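Observations on the three-dimensional arrangement
What follows is the residue order along each chain.
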Amino acid sequence: MTYNLLHRQIDTAQIYRNEAQVGAAVKASASKVAEVGDKTTASVQSSLKKLDLGYIDLYLIHSGHGGKAVRLQTYRTLLEFAGPAKPLRSIGVSNYGVKHLEEIREAGLPTPTVNQIQVLIHSASNRTALIVAPFKLHPFCQQKPIVEYCRAHGIAIQAYCPLLRGDFSNPVIQEVAKEVNKTPAQVLSRWSIQKGFVPLPKSSDPARVISNADIYDFELSDAAIAKLDALDRGSRGSSLKLQGRVLIPANGDEYKSALQRNSPLSVLPAKYIVQPAVYSDIALVLAFAALQNPPLEIAIKGGGVHSSTWSSSDGGVVIDLSSLRAVTVSDDKSSVKVQGGALWGDVYEECRKSGIDVVGAPLWFVGVGGFLTGGGYGPLSGSKGLAADNILSATVVLADGQITTVSASENSDLFWAIRGANESKSRRKKLTTRIFSGGGGQFGVLAEVELKAFPQVGPITSGILVYPGNELRNVLKVVQEWKVTYSGKEKLNITFSRPGPLVFKPAVIIMPWVSEDENLARSKIILAPFREGPIKPLVDKCSLAPDTLTASHGADASVALAPKRLRIRGALFADYYEELIIGVWERWVKFTEDNEDARGTAILWDLTHPKKLTEVTSTATAVRIRDDNYWVAVQGRTNNPAADGIVSDFVASTVAFIRNKNTELSGKDYGYFLSMAQGDENPADIFGDNLARLSKLKSKFDPKNVFKKGVAIPGL
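Residues numbered from 1 in each chain as written. Predicted model: local features only at pLDDT ≥ 70, side-chain atom pairs only at ≥ 80, totals over all residues. Heavy atoms only, no water.

What to know about the overall build of the protein
When you go through the protein residue by residue, the secondary structure sums to 26 helices and 27 strands. Scored against the burial criterion, the 716 residues of the protein give a buried share of 57%. Nonlocal contacts in the protein, meaning residues at least 24 apart in sequence, comprise 70% of its contacts between residues at least 6 apart. (Helix = DSSP H or I, 4+ residues; strand = E, 2+ residues; numbered from the N terminus. Buried < 20%, exposed > 50% of the residue type's maximum accessible area, 1.4 Å probe, protein only. Contact = heavy atoms within 4.5 Å.)

Quick word on empty space enclosed by the protein
A probe matching the size of a water molecule, rolled over the atoms, marks out where space remains unfilled. Under the criterion given, the structure shown has 5 cavities of 30 Å³ or more. In this structure, the largest cavity encloses a volume near 260 Å³. Along its surface, the largest cavity is lined by 24 residues, and Gly 374, Ala 622, Val 623, Arg 624 and Leu 674 are the ones closest to its centre. Its residues placed into classes, the lining of the largest cavity shows 18 nonpolar, 4 polar and 2 charged. (1 Å grid on protein atoms, 1.4 Å probe; cavity = no way out; pocket = protein on both sides within 12 Å on 5 of 7 lines; lining within 4 Å. Points joined across faces, edges and corners; volume = space filled by probe spheres on them. Nonpolar A, V, L, I, M, F, W, Y, C, P; charged D, E, K, R; others polar.)

Quick notes on the packing of aromatic side chains
A full pass over the atoms with the stated rule returns 19 aromatic pairs. Aromatic side chains Tyr 272 and Phe 288 sit 5.3 Å apart centroid to centroid with 80° between the ring planes, which places their arrangement in the edge-to-face category. One end of the pair, Tyr 272, is in strand β11 (residues 272-275); the other, Phe 288, is in helix α12 (residues 280-291), and 16 residues separate them in sequence. Among the aromatic side chains, those forming a connected cluster through ring pairs are Phe 496, Phe 573, Tyr 576, Trp 585, Trp 588, Trp 605 and Tyr 630. (Phe/Tyr/Trp six-rings, centres within 6.5 Å; stacked < 30°, edge-to-face > 60°.)

Some words on the confidence of the model for the protein
Of the residues in the protein, 86% reach a pLDDT of 70 or more, and the chain-wide mean stands at 84. Scored below 50 in pLDDT, residues 30-41 shows 54 contacts in the model against residues more than four places distant or in partner chains. (pLDDT = per-residue confidence, 0-100.)

Let's talk about the sheet that holds strand β25 (residues 565-573)
Taking strand neighbours across the sheet as the criterion, the 7 strands line up as β24-β21-β23-β22-β26-β27-β25 in an open arrangement whose pairing is antiparallel. Each end of this open sheet is capped by a strand with a single partner; those strands are β24 (539-545) and β25. For this sheet, the mean inter-axis angle between neighbouring strands, taken without regard to orientation, is 15°. The sheet contact formed by β25 and strand β27 (residues 630-638) spans 9 bridges and is antiparallel. The residue bridging Ile 568 from the neighbouring strand is Gln 635, located in β27. Helix α22 (residues 578-594) rests against β22 (490-497), β23 (507-514), β25 and β26 (602-608) of the sheet, and its axis sits at about 160° to β26. Lying on the sheet, helix α24 (residues 644-666) is in contact with β25, β26 and β27; it crosses β25 at an angle near 5°. (Pairing = 2+ DSSP bridges. Axes fitted to C-alpha atoms, helices over the stretch in contact; angles between N-to-C directions.)

Digging into α24
Helix length check: α24, at 23 residues, gives a terminal C-alpha distance of 33 Å against a target of 33 Å (1.5 Å per residue), a fit within 8%. Within α24, burial applies to Asp 644, Val 647, Phe 650, Val 651, Thr 654, Val 655, Ile 658, Arg 659, Lys 661 and Asn 662. On its buried face, α24 sits against β25, α22, β26, β27 and α25 (683-687). In the segment just after α24, Gly 667 is the residue with positive phi, at about 80°. (Expected span 1.5 Å × (residues − 1).)

Quick look at the nonpolar core
Residues Trp 344, Phe 496, Phe 530, Ile 603 and Trp 605 are the most contacted members of the largest nonpolar core, which totals 97 residues. Those residues within four positions of Phe 496 in sequence are excluded, and the remaining contacts are Leu 472, Ala 507, Ile 581, Val 584, Trp 585, Trp 588, Thr 601, Ala 602, Ile 603 and Trp 605. Counting residues in hydrophobic clusters, the runner-up holds 44 residues, among them Val 93, Ala 159, Val 187 and Phe 197. (Core = buried A, V, L, I, M, F, W, Y, C linked by side-chain atoms within 4.5 Å.)

A few points about the packing of helix α4 (residues 98-106) against helix α5 (residues 144-152)
How two helices pack is summed up by the angle between their axes together with the distance between the axes. Relative orientation of the contacting elements α4 and α5 amounts to 25°, with a least axis distance of 10 Å. Accordingly, the angle class assigned to the pair α4 and α5 is roughly parallel. Here Val 98, Leu 101, Glu 102 and Arg 105 of α4 lie close against α5, whose contacting residues are Pro 145, Ile 146, Tyr 149 and Cys 150. Tallied by class, residues from the contact of α4 with α5 come to 6 nonpolar, no polar and 2 charged. (Parallel < 35°, antiparallel > 145°, perpendicular 65-115°, else oblique.)

Considerations on the environment of Pro 610
With respect to the helices and strands, the residue Pro 610 is situated in the loop between β26 and α23 (611-614). Given a relative accessible area of 6%, Pro 610 falls into the buried group. Spatially, the C-alpha atom of Pro 610 lies 8.1 Å from that of Ser 381, the residues being 229 residues apart in sequence. Residues within four places of Pro 610 in sequence aside, it is in contact with Tyr 486, Asp 628, Asn 629 and Tyr 630.

A word on the pattern of salt bridges
This model, assessed by the stated rule, comprises 36 salt bridges. Between Glu 102 and Arg 105 there is a salt bridge whose closest N-O contact spans 2.7 Å. Of this pair, Glu 102 and Arg 105 are both found in helix α4, 3 residues apart, which corresponds to roughly one turn of the helix. Exposure remark for Glu 102: the relative accessible area of 17% places this residue in the buried category. A relative accessible area of 41% places Arg 105 in the partly exposed class. Residue Lys 709 is joined to Glu 297 by a salt bridge in which the shortest nitrogen-to-oxygen separation is 3.9 Å. Note that Lys 709 is positioned in the segment after α26 (691-701) and Glu 297 in the loop between α12 and β12 (298-301), a separation of 412 residues in sequence. (Salt bridge = Lys/Arg side-chain N within 4 Å of Asp/Glu carboxyl O.)

Things to note about the pairing of strand β4 (residues 88-94)
Most of β4 sits inside the fold, with 6 of its 7 residues counted as buried. Taken together, β4, α4 and strand β5 (residues 114-117) constitute a β-α-β crossover, and its handedness is right-handed. (Right-handed = clockwise from strand over helix to strand, strands pointing away.)

Considering the sheet that holds β11
Ordered in space as β10-β11-β13-β12, the 4 strands form an open sheet in which the pairing is mixed. Of all strands in the sheet, those with a lone pairing partner are β10 (245-247) and β12, marking the two edges. Between one strand axis and the next, the sheet turns by 20° as a mean value, whatever way the strands run. Relative to β11, β10 is paired through 3 bridges, and the arrangement is antiparallel. Considered in β11, the bridge of Leu 247 is made with Ile 273. α12 rests against β11, β12 and β13 (317-320) of the sheet, and its axis sits at about 175° to β13.

Quick word on the environment of Ser 189
Following the sequence through the fold, Ser 189 ends up in helix α7 (residues 184-194). Separated by 11 residues in sequence, Ser 189 and Leu 200 place their C-alpha atoms 8.3 Å apart. Aside from chain neighbours lying at most four places away, what touches Ser 189 is Leu 163, Pro 199, Pro 201, Asn 212 and Ile 215.

Thoughts on the packing of helix α17 (residues 472-482) against α22
Across the interface, α17 lies against α22 with an axial gap of 11 Å and an inter-helix angle of 145°. Where α17 crosses over α22, the handedness of that crossing is right-handed. Counting all contacts with α17, which are made through Leu 472, Arg 473 and Leu 476, the residues of α22 involved are Glu 578, Ile 581, Ile 582 and Trp 585. For the contact of α17 with α22, the class distribution of residues is 5 nonpolar, no polar and 2 charged. (Left-handed = near helix turned anticlockwise from the far one by under 90°.)

Quick notes on unusual backbone geometry
Along the chain, Gly 458 connects to Pro 459 via a cis peptide bond; the corresponding omega equals -5°. A positive phi angle, close to 65°, is found at Asn 95, a residue other than glycine. Relative to the assigned elements, Asn 95 resides in the loop between β4 and α4. Take Asn 95: its relative accessible area is 3%, and that puts it in the buried class.

Below is the structure:
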């Protein structure tokens with residue numbers, strides 16, 4: 001806690017569940033307490049006990065809800081505890097308008113010491129909306145009637161949320177900050193001070209706490225004050241109603257549709273589904289969820305493809321980014337802006353028009369954010385590295401609503417946590433995306449991410465080569481010979497499945513991906529060992545796609561026919577050891593033979609050239625495995641809910657087998673694959689030696705564990 005650094009006032013409340021920590025920090029500090037504020041109408045004795053300080057300097061009624069009789073009775077009760085020698089040295093109110101304060105005066109009661117004007121978010125019971133009450137104080141909403149009343153009656157004004165929740169984009173604020181050579185946050189706090197308010201800036205970052213309070217070595221000129229005063233929007237400035245949509249169960253089919261995910265096993269009944277229209281909506285939803293008692297769970301939906309429940313919540317709030325899907329390529333084609341609900345197909349479509357490509361997912365319907373923050377093994381990874389390795393910078397909405405920029409030179413620790421430093425010195429064309437942190441997101445909502453972009457890699461040959469299962473050993477021999485000479489411009493996926501053309505008998509399917517394949521010239525040579533050597537495919541359906549977008553739709557037909565109840569786990573392995581591959585084959589054949597309802601279950605092995613992946617060290621990013629490695633996905637599928645249990649057990653046990661066998665054969669424990677984890681894994685098995693650093697950053701940026709879906713990183 002940063003109390004001993006500089007702050008002499010601490011704002012706490014029972015609803016914040018941090019009174020004990022505040023009291024301990026105050027007692028441990030060498031500084032003398034000036035004020036300890038509390039915003040709650042609940043038990044004074046409970047607060048005193050938790051704070052364990054003997055008294056509270058300032059105790060506030062949190063809001064004016066409950067009606068006149070309740071407000072006055074609460075105020076009278078607090079007066080009994082208030083006085084110079086009593087537990088409450090003084091009392092005040094929060095979110096009180098002129099009407100509420102007049103009730104106190106007309107009742108003949110002493111006026112409150114303080115009126116804290118803050119943001120309070122609540123749900124409207126009779127309509128589908130989340131509304132922000134109009135009690136806030138900053139240049140856009142100067143609350144002149146209540147301010148004038150408080151001044152006339154000697155009531156001090158505390159300004160809660162004076163920093164606009166980190167949205168400093170207004171050009172006037174930027175201009176004034178530049179004039180005085182201060183940050184926008186410092187300018188806003190200084191404006192509050194010079195207006196006679198007591199600002200309560202909020203941050204979880206100690207460095208930012210210090211910076212926000214460094215406001216006493218300058219003054220804003222009358223002209224600067226006038227510029228900021230002119231920003232006042234009156235009642236319009238006080239309305240922070242969400243601009244997006246809110247869906248609740250009463251919305252019927254719309255709500256049910258918004259709940260849907262790629263797998264029915266991923267669906268949970270949310271209390272609210274919020275579809276932001278603008279990025280500021282995200283901070284408001286986080287504040288709303290935190291103010292509920294108990295706080296509501298937060299889940300973020302980007303693409304909704306992950307087979308876990310990470311993008312869903314049972315009784316919580318889902319921030320559904322599906323309304324934010326715009327993709328815009330800059331005029332010079334050096335950057336692209338992609339909004340948070342975009343799928344990779346949205347990105348590829350705009351990139352195709354501009355003749356550029358990015359490291360993205362192999363399938364168009366995958367969400368951008370979860371793929372990136374999980375590491376991101378894509379078709380271009382053999383030549384360009386992981387998708388996460390191609391992130392240059394990002395803008396993140398933190399758990400406390402702050403908006404911050406991260407890069408190798410700014411907030412580098414958080415930048416490392418969401419992907420790590422890119423050690424490549426070259427900078428090509430750039431792609432800017434707006435996404436949510438899904439696969440590995442434990443630190444905040446990504447509002448903007450800058451990615452490298454590259455010249456288009458098409459035409460691309462892709463498709464299937466199908467071999468009977470009894471040819472597996474021969475296929476493996478060809479694969480081992482082929483991988484000696486292959487490059488990052490081509491890759492294979494090797495699948496164990498029971499396809500219709502073989503009457504659902506076990507088969508080995510090779511799915512090639514060959515880039516820069518003009519007139520099929522490269523693929524003819526690259527795929528020759530699989531067509532003309534000792535093995536011959538029973539089915540050969542490969543075709544030329546002009547670009548990445550078209551290639552990303554290549555599996556549409558098979559995905560549409562596959563059983564919908566899907567559970568996936570994955571692992572990394574060091575090489576195509578025959579003992580490993582055959583061991584998994586035998587397990588899979590027996591399971592799918594014994595369980596007819598689970599015959600849609602498949603094993604997908606990736607064969608992407610690992611050279612570019614190994615050029616980044618294991619400590620340079622939060623992706624820890626940087627030795628030669630490949631990934632495997634165990635895809636448990638069924639249409640029968642009664643088979644969910646056995647399918648889930650098979651998936652988990654097979655991934656554990658792969659991990660253990662790889663460790664035995666390679667001497668290296670690669671743990672589990674984050675992008676295909678289910679959330680019940682030990683974080684150490686995902687993050688390895690990076691976990692200690694991640695835990696430290698979790699405590700710094702998300703101390704209340706707001707973002708706990710997925711593989712939860714423990715704080716310190």
